[in-house]
Every structure is written in structure tokens, then in C-alpha cells.
Amino acid sequence: MSEIYIHSVAINLQRCRGCIHCIRHCPTEAMRVRNGKSLIIPYRCIDCGECIRVCPYHAPFGFTHTLDSIAYLENVVVIISPEFYSQFPTKYSIGDIQEAVRKATSAKEVWDTTYAIYLLESALLDYVNSSPNLPLISTYCPAIIELIQVRFPTLIPNLAPFKSPVEIMSQIIREHWQKDHPGEGLNLVYITPCPALASYLKEIKEDTVEFIIGIDNIYLKVKKELQEANLGVQKLFYPKGILTGTLGGEAQIFNEEEAISVGGIDKILRVLEDLERNKIQDVKFLELRACEEGCVGGVLNPESYYLAKKRIYSIYKALNKGKIENSDLLKDLSEMHISRIVRTSPISPRPVWKLDEDISKALKKMDEMKRILEILPGLDCGSCGSPTCASLAEDIVRGNAQIYDCIFLLKEKLWEMAKEMEELSRRSSSVILKRRSEDNEGQ
């Protein structure tokens, strides 16, 4: 594989016990256990964080920038998503949390992504009514985009063609910054709930954010600032957009029977399999989130997603639904052409099954894989360090494993060797006894 992939999940080898929890739960078979330690196959990994979620020893972790990374910067503007508000008790207002973030990061301004969500709502409704590829699949969650690229490439035409809320907000903020601070530089920082968003933003070629900090890396500092009770003024906020932080928030713009909202990788795999088989009919929109209950369940969020979901709805209930802060900005957004929020580069399949650049060699390796699969037991137990027998066969032809990594074949081989040793021992004993007998007769 010649492609270079940027990821935000790594393995702490000192903590790893080689327990194979990660390889059993990875949706794209990106995990392996070799020499008693886990490793990640870059071209398969989608940064969904499932390995972080299931590991009992906390060996996988998401790595992002820290507060120290931005301590030396000037003109910092921070972007947060709706789920960030749910990480703190509801006694703190949205303005309080924004002000605490501003102080914790020494930022000039703090924005959230809900204005971008305001733009996306109308764009989604218009596109669904004109798209031939229904149901339309949300591109809000980058892990879902990558999952489709790796495992369900035939569904790529169903993906919505729009940028993520963070990309759109980055564009809006940069334009307003240049208008208010002509000639001054700007450093955009995004606070992310998951490694998938961090990797996605790192890979984007367009000018978006320079620094991505995990919520887990800033949570305690913001909490400390909140406890000092310096009240902030609520700003830059579209009330209805806060519900996108939890599952069902994006689909709320559609009639109940027109949209399906699904959270959790295992459930999503079943939905996408059904969609490939044309089992999902009369549905216009699929809101899919890799994490349970949506972004409030992101693996970098410190709080329980059940509690966070409850807080999201409590915050929304207390808001003035009809009020949209910063009406001047809202006017600018209403005049923003839809082309500004459409992706400029297409989403392409990931060539995870490419065994070799040379087609003739690749075909030979495929034949070799089939031969190996006929030998393997087909139990998919994972004891070899690969998630399935098919993945072990692939690893063998790629030169990353050997046939006797399979413990069942190894057991059979050891049994055969033991029988050969037993037979050899028996023959050796009979020869020795015969020679002793001949020696005694000679004496």
C-alpha cells in the first residue's frame, strides 16, 4: 500500500496484554496481535475508537494536541460542538461554558458549530428532494464515511455531498476574522469528542483548523474555570442545532417516517448490509453515528453518554427555541451560496483488498489465499492474532504472518511431530537393543 493515512489512535504497548478484545470488535479488521502486542493496519483503520472503548487495559488511546500545543499562539479562535456543553452540569449556562473555554485556551473568541448546522439543514432538505440516490447517508460522522469507503464502497453515491460542520464554521470564522481584523493572522482550534474527527481534519487539504484538542485534554481546565463562577454571555448560537450532539438531532428536520437514526458500529454494520441488499425502502435519510447515542458517546468525552444525552435535552428545553443569536451573522449565512458548503473533492473507495500493484502477482496471491483458506479450520477464533481465518490468509500472502500462527494447525503439526518422535524413539530403541544383543553374542 503506497497511500499515506493519518490517524489519531495509537497503542500503548506497555499496557497491551495481547488479549484480542480489539481485533474481535474492530469493524474493518484493522487490528492484529503479533508477538503478544496489538498493532494497527493503517489502510484499514477508520479511527472509530471502538478499540479504545472495549480494551480492558486501556492500551489503545486517542492522541490529539494538548493545551501546551497552543500556549504560545496568538489570535486563537476556538470551535466547539454541541456535545461539549453536555460534559458539564446544567447549572452552567452555554455562555458560562464558552467563557470558561476562552479562559482555558487564552482564546480571542469561542464559536460553536450550530450556525453551520443551520446551513446544513436547509441544504439537506433541498438535496434529498432532488437526489436520485436515496436514502441519503449523513456525512456528519467521519468514521461512517471511512467505514463506507472500506467496507461498503457501492454505497458511496448515497453519501451526502456536504462538508462537515467544523469545515463550514472554519470557513465562516476566517471570513469574519479578515473582515474584523484585516491583515492579522488567525489560529483555529477545534475541541473534538473523537479521534475520527481529529484524523479527518488532519487529512483535509483545504484550510480548516490548525490544531485539534481532545475534550479529554481540556475538560479539567475548563471545569476549573467554571468553578470560579465568572459568568459569560451566551453568543454565536443556533438553539435547535444543539440536538445534533445526540442521536436523532440531525434527522429531526425530516418527518418521522422519512429518516432513520442509528448509533453504534455493530448496529450500523447491519443497516449498511441491509441497504446494500435493498432491504431499506421508502426512507429518505440515514443519520448514522459510530458512537452510541451520537457524538455525546465519543470516546474522548469524559462523561457517560447517558448522562450527557440527558443534559443535551435539558439544555435545549431551557432555551428560547425561536431565538437565534447574532442576527447579523444569520443574515450573512442566508446569503451564503450552497456551493460553499459542498465538498470540493470526491469521496473515493479505499483499496484495502489490493494485494499487489502488479495485477498478475495480485491474482497469484488471491489463488494462494484460497489455497490457504482451504487448509485453515474456518473457526475465526482470533487466537492467531488475526480477526478471521480469511484475514490470516491475507496476512500470510502479504508476508505478515505464517501458517502455523493458527493454533489448530500448530497443534496438528506438533501432534504429527510427536508421533514421528515416538516412532523414531521406538526404532532407535530397537536398533540399540539389537546392537547390544549382537555385542553380547560376540563376547
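Below is a short write-up of the structure. Keep in mind that what you see is a predicted model, and the values were worked out from it rather than measured. (Residues numbered from 1 in each chain as written. Predicted model: local features only at pLDDT ≥ 70, side-chain atom pairs only at ≥ 80, totals over all residues. Heavy atoms only, no water.)

Below, the discussion takes up the overall build of the chain. When its secondary structure is counted, the chain shows 16 helices and 11 strands. Here the chain, with 443 residues, has 52% of them falling under the buried criterion. For the chain, long-range pairs separated by at least 24 residues make up 76% of all intrachain contacts whose partners lie at least 6 apart in sequence. A total accessible area of about 21900 Å² is found for the chain, and carbon and sulfur atoms account for 51% of it. (Helix = DSSP H or I, 4+ residues; strand = E, 2+ residues; numbered from the N terminus. Buried < 20%, exposed > 50% of the residue type's maximum accessible area, 1.4 Å probe, protein only. Contact = heavy atoms within 4.5 Å. Areas by Shrake-Rupley, 256 points an atom, 1.4 Å probe, with all protein chains shown as cover.)

Bringing the nonpolar core into the picture now. With 69 residues, the main nonpolar core has Ile137, Ile148, Leu272 and Leu288 as its most contacted residues. Ranked by residue count, the leading element in this core is helix α6 (residues 114-128), at 7 residues. Not counting the four nearest positions on each side in its chain, Ile148 is found in contact with Ile137, Pro153, Leu155, Ile156, Leu159 and Leu272. Formed by 34 residues, the second largest nonpolar core is a distinct cluster that contains Ala100, Phe211, Ile213 and Tyr316. (Core = buried A, V, L, I, M, F, W, Y, C linked by side-chain atoms within 4.5 Å.)

With that settled, consider the sheet that holds strand β5 (residues 76-80). Spatially, the 4 strands line up as an open sheet ordered β6-β5-β8-β9, and their pairing is parallel. Each edge of the open sheet carries a strand with a single partner, namely β6 (109-112) and β9 (211-214). For this sheet, the mean angle separating the axes of adjacent strands, direction not counted, is 25°. Where β5 lies against β6, 4 bridges are found, and the strand directions are parallel. (Pairing = 2+ DSSP bridges. Axes fitted to C-alpha atoms, helices over the stretch in contact; angles between N-to-C directions.)

Side chains bearing opposite charge may pair, as long as their charged atoms lie close to each other. What the rule picks out here adds up to 18 salt bridges. The residue Arg174 makes a salt bridge to Glu210 at a minimum N-O spacing of 2.7 Å. With Arg174 in helix α8 (residues 165-180) and Glu210 in the loop between α9 (195-203) and β9, this residue pair connects regions lying 36 residues apart in the sequence. With relative accessibility at 31%, the residue Glu210 sits in the partly exposed group. Taking the shortest distance from any N to any O, the salt bridge between Arg289 and Glu287 comes out at 3.5 Å. (Salt bridge = Lys/Arg side-chain N within 4 Å of Asp/Glu carboxyl O.)

Before going further, it helps to examine the packing of α6 against α8. The contact between α6 and α8 brings their axes to 8 Å, and the two run at 110°. Comparing their axes, α8 and α6 come out roughly perpendicular. For the element pair α6 and α8, the recorded crossing hand is right-handed. Two secondary-structure elements touch here, α6 through Tyr115, Ala116, Ile117, Leu119 and Leu120 and α8 through Pro165, Ile168, Met169 and Ile172. (Parallel < 35°, antiparallel > 145°, perpendicular 65-115°, else oblique. Left-handed = near helix turned anticlockwise from the far one by under 90°.)

Attention shifts here to the side chain of Asn75. Tracing the sequence through the fold places Asn75 in the loop between α3 (67-70) and β5. A polar contact is formed between the side chain of Asn75 and the backbone oxygen of Gly185, at a distance of 3.0 Å. In this structure, Asn75 is in contact with Lys108, Trp177, Glu184, Gly185, Leu186 and Asn187, ignoring residues within four places of it in sequence. (Polar contact = N/O pair within 3.5 Å; in protein donor to acceptor, adjacent residues only side chain to side chain.)

For a regular strand, side chains alternate in direction, first toward one face of the sheet and then toward the other. Counting buried residues along strand β11 (residues 285-289), 5 of its 5 residues qualify, which places the element largely inside the surrounding structure. A two-sided burial pattern is seen for β11, the buried positions comprising Phe285, Glu287 and Arg289 on one face and Leu286 and Leu288 on the other. Note that strand β10 (residues 259-263) and β11 share 5 bridges and pair parallel. Bridge pairing in β11 places Ser261 opposite Glu287. Between the parallel pair β10 and β11, the chain is carried across by helix α11 (residues 265-276), and the sense of this crossover is right-handed. (Right-handed = clockwise from strand over helix to strand, strands pointing away.)

Further remarks concern helix α14 (residues 359-375). The end-to-end C-alpha distance of α14 is 25 Å, a good match for the 24 Å that 17 residues give at a rise of 1.5 Å each. When we look at burial in α14, the residues that qualify are Ala362, Met369 and Ile372. Taken end-on, α14 shows its buried residues confined to a sector of 75°, consistent with a single buried face. Relative to its buried face, α14 has exposed residues pointing more than 90 degrees away, namely Lys364, Lys370 and Glu374. (Expected span 1.5 Å × (residues − 1). Arc of directions from axis to C-beta.)

A word on the environment of Leu269. Here Leu269 is to be found in helix α11. Overall, Leu269 belongs to the buried group, its relative accessible area being 11%. Distance from Leu269 to Leu147, taken between C-alpha atoms, is 8.9 Å for residues 122 residues apart in sequence.

In this section: the sheet that holds β11. Read from one edge to the other, the open sheet built from 3 strands follows the order β7-β11-β10, with strand pairing classed as parallel. Where the open sheet ends on each side, the last strands, each with one partner, are β7 (136-137) and β10. Lying over the sheet, α11 contacts β7, β10 and β11, oriented at roughly 150° with respect to β11.

Scope: geometric values only; no functional claims are made or implied.
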